[in-house]
Amino acid sequence: MNSRKLRWFVIVLLVYCCAEVALLSVPSAQAVDTTSWFRLLTVDTNLAISLNGSKLSTKAERIGDTILVPLSILHQAWGAIYAVSPAGSALTIGSRHAVWKGMSATYHLDLLDFPWGVAPVLSGGQLYIPLRELMEPMGAFVGKQASTGDMIVAYSTKWQKEPWLRQGQLTQLETVDLTHTNVKRVATTRKVVAFTFDDNWDAVAAVRIAELFDTYNGHCTFFVIGTNVRMHPDAIRTMVRLGDDIGNHTLSHPAATNITDATLIKQIQACEQVLNGMGLTTRPYFRFPYFAEDSHFMRIVTDQGYLTIGAMWTIEDTGPERSAALSVATVRRFISPGVIFVGHANSMATFDAMKVILPELARQGYSFVSISELLRGH
Ligand SMILES: [Zn+2]
């Protein structure tokens, strides 16, 4: 650690020691629901601020190109705790900390320096701080909604371990309302396609599919059922080792429409716990069994820290009509850049279809991406 870093380290320590006694409650703060950390904050071109679609009474401020928002909004949105001490100001959300020196533009985030172009300002008794400059290094996704010009900031403390979110590289999500949209495709001209496979009933087929994608230097995504994971944990480990994404498909595959909200939450959490038991996670992707979903259920999923992933097309590999030939024909018909297909890791028919279609798509110049890769624009 060089002397500069050491100096900062000491300052950070001091701030946290002092924070014990100097913790200030933020004015006009509402009770924060700590079970629900995902929030979408938007600032429109008139500087009106909305939280998960509801307009707030406070407005943002603009200095040059920098948008500043009151600290109390960050408390409302993400439970941010603000502390002041002689050493400076500290903001904490979950396990992430930012520290800055009073009203100067000098600041410091988790032992890294990110210079602010604009210092915080006091206005109407409220402290305003630069929104993008603070929240992006905190791990939030910050983007501009292409159609409206609104600035959007999406953040869940449950995402903090997701490096691609921390890098703020979710360019493809700029046109997506994360709280209501079920992601089915992303707008892109790049020849990428995301194959997803649900259920993992047939562990052998699932592993063969994962290995096949690997031979094309590609990835796919498996939405797994917790009880099936318990029976075949090694299949899941193979998928992870090969770089595929694992998403949550509940513990035992009930339709959300047939169970209570509380049971849906338990189903999601129990699936996550099975993976946690293996040192893995299903975050941040979820797919509804039977695609039985609506905006109410999606909000529950969002509150659990997940994005709902849909599919543009099913490859028709379930039901009495299924055959590898039918699946191949479906993919041929509907392939286009950025599309998400859903299949099922339930029988060798799906693997057989992939064996035919992947080389064909590769010849056309397609590459095969996981949901993470699709969303971060790789
Ligand atoms: Zn399913």
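What you see is a predicted model, and the numbers here were worked out from it, not measured in a lab.

Visitor: Quick question: what am I supposed to make of the overall build of the protein chain here?
Guide: Along the backbone of the protein chain there are 12 helices and 21 strands. Relative to its full complement of 378 residues, the protein chain shows a buried share of 44%. Residue pairs at least 24 apart in sequence account for 69% of intrachain contacts in the protein chain once pairs closer than 6 positions are excluded.

Visitor: Quick question: what am I supposed to make of the sheet that holds strand S5 (residues 66-70) here?
Guide: Within a sheet, neighbouring strands are paired by backbone hydrogen bonds and run either parallel or antiparallel to one another. The antiparallel open sheet is built from four strands, whose spatial order is S4-S5-S11-S10. Edge positions in the open sheet fall to strand S4 (61-63) and strand S10 (121-123), since each of these has one partner strand only. Across the sheet, the axes of successive neighbouring strands diverge by a mean angle of 35 degrees, strand direction being ignored. In terms of strand pairing, S4 meets S5 through three bridges, oriented antiparallel. Bridge pairing in S5 links Glu 61 to Leu 68.

Visitor: When you look at the sheet that holds strand S2 (residues 48-51) in this model, what are you seeing that I'm missing?
Guide: Read from one edge of the open sheet, five strands run S3-S2-S1-S13-S12, paired in antiparallel fashion. Only two strands of the sheet have a single neighbouring strand rather than two, namely strand S3 (54-59) and strand S12 (141-144). Taking the axes of each pair of neighbouring strands and ignoring which way they run, one obtains an average angle of 25 degrees across the sheet. For S12 and strand S13 (residues 151-155), the ladder comprises four bridges, and the chain directions are antiparallel. The residue of S13 that forms the bridge with Phe 141 is Ala 154.

Visitor: How should I be thinking about unusual backbone geometry in this particular structure?
Guide: In terms of backbone geometry, most residues other than glycine have negative phi values and most peptide bonds are trans. If you check the backbone angles, Thr 250 has positive phi at about 75 degrees while not being a glycine. When the 28 C-beta atoms within 10 Å are taken as the criterion, Thr 250 is described as buried. Phi at Tyr 290 takes a positive value of approximately 60 degrees, unusual for a residue other than glycine. Its location among the elements puts Tyr 290 in the loop between strand S17 (285-286) and helix H9 (295-303). On the basis of neighbour counts, which here come to 12 C-beta atoms within 10 Å, the residue Tyr 290 falls in the exposed class.

Visitor: In this structure, what is going on with the environment of Val 118? I would like to understand it.
Guide: By the secondary structure assignment, Val 118 is in the loop between strand S9 (107-109) and S10. Sequence separation between Val 118 and Gly 64 is 54 residues; the distance between their C-alpha atoms is 8.9 Å.

Visitor: It is not clear to me how the environment of Phe 288 should be interpreted in this structure. Could you clarify?
Guide: Here Phe 288 is to be found in the loop between S17 and H9. Here Phe 288 falls in the buried class, since 24 other C-beta atoms lie within 10 Å of it. Separated by 33 residues in the primary sequence, Phe 288 and Ala 255 place their C-alpha atoms 7.4 Å from one another. Excluding residues that lie within four positions of it along the chain, Phe 288 makes contacts with Ala 256, Glu 293, Phe 297 and Thr 308.

Visitor: Can you help me understand the packing of helix H8 (residues 261-276) against H9 in this one?
Guide: Two measures define how a pair of helices packs: the angle their axes make with one another and the distance between the axes. Here H8 crosses H9 at 40 degrees, and the two axes come no closer than 10 Å. The pairing of H8 with H9 is recorded here as oblique in orientation. Of the two elements, H8 crosses H9, and the hand of that crossing is right-handed. Only Phe 297, Ile 300 and Val 301 of H9 make contact with H8, whose side of the interface consists of Asp 261, Leu 264, Ile 265 and Ile 268. Taken together, the residues that form the contact of H8 with H9 break down as six nonpolar, no polar and one charged.

Visitor: Even after reading the chapter, I still don't get helix H2 (residues 71-78), so can you show me in this structure?
Guide: Note: α-helices contain 3.6 residues per turn, so residues at a spacing of three or four share the same orientation. In terms of burial, H2 is largely enclosed, as eight of its eight residues are buried. If you check which residues of H2 are buried, you get Leu 71, Ser 72, Ile 73, Leu 74, His 75, Gln 76, Ala 77 and Trp 78. Just past H2, the residue Gly 79 takes up positive phi, approximately 70 degrees.

Visitor: Got a minute to help me understand H8 in this structure?
Guide: The terminal C-alpha atoms of H8 lie 22 Å apart, and with 16 residues this matches the ideal 22 Å at 1.5 Å per residue to within 8%. What H8 keeps buried is the set Leu 264, Gln 267, Ile 268, Cys 271, Glu 272, Val 274 and Leu 275. Projected down its long axis, H8 carries its buried residues within an arc of 160 degrees, all on one side. Opposite the buried face of H8, at more than 90 degrees from it, the exposed residues are Ala 262 and Gln 273. For H8, the elements touching its buried residues are helix H6 (226-231), strand S16 (245-248), S17 and H9.

Visitor: Mind showing me how you'd approach the environment of Tyr 366 here?
Guide: Within the fold, Tyr 366 resides in the loop between helix H11 (348-363) and strand S21 (367-368). For the pair Tyr 366 and Gly 218, spaced 148 residues apart in sequence, the C-alpha to C-alpha distance is 9.9 Å. Excluding residues that lie within four positions of it along the chain, Tyr 366 makes contacts with Lys 191, Val 192, Val 193 and Leu 361.

Visitor: Just checking my understanding: could you explain the packing of helix H10 (residues 324-334) against H11 for this structure?
Guide: Two numbers describe how H10 lies on H11: the axes approach to 8 Å, and their chain directions differ by 45 degrees. Relative to H11, H10 is oriented oblique. Judged by the sense of rotation from one axis to the other, the crossing of H10 with H11 is right-handed. Across the interface between the two elements, Ala 324, Ser 327, Val 328 and Val 331 from H10 touch Ala 349, Thr 350, Asp 352, Ala 353, Val 356 and Ile 357 from H11.

Reading the values: rules and limits
- What you see as residue numbers is a count from 1 along each chain, following the sequence as written.
- With the structure being a predicted model, the display of local features is reserved for residues of pLDDT at least 70 and the display and counting of side-chain atom pairs for 80 or more, all residues being used for whole-chain, interface and lining totals.
- Only DSSP runs of H or I with at least four residues qualify as helices, and only runs of E with at least two residues qualify as strands; both kinds are numbered from the N terminus onward.
- To sort residues by burial, count the other C-beta atoms lying within 10 Å of each one's C-beta; a count of 20 or more means buried, 12 or fewer means exposed, and anything in between means partly exposed. C-beta atoms are built from the backbone.
- We call two residues in contact if the C-beta atoms placed from their backbones are at most 7 Å apart.
- Pairing between two strands is assigned when DSSP locates at least 2 bridges connecting them.
- Think of each axis as a best-fit line through the C-alpha atoms, taken over the contacting stretch in the case of a helix, with angles from 0 to 180 degrees between the N-to-C directions.
- Small angles under 35 degrees read as roughly parallel and large ones over 145 as roughly antiparallel, with 65 to 115 read as roughly perpendicular and the rest as oblique.
- Crossing chirality is assigned from the near helix's rotation relative to the far helix, an anticlockwise turn below a right angle marking it left-handed and a clockwise turn marking it right-handed.
- Only Asp, Glu, Lys and Arg are considered charged, only Ala, Val, Leu, Ile, Met, Phe, Trp, Tyr, Cys and Pro nonpolar, and every remaining residue, Gly among them, polar.
- To estimate how far a helix should extend, the number of its residues minus one is multiplied by 1.5 Å.
- Think of the arc as the fan of directions from the helix axis to the C-beta atoms.

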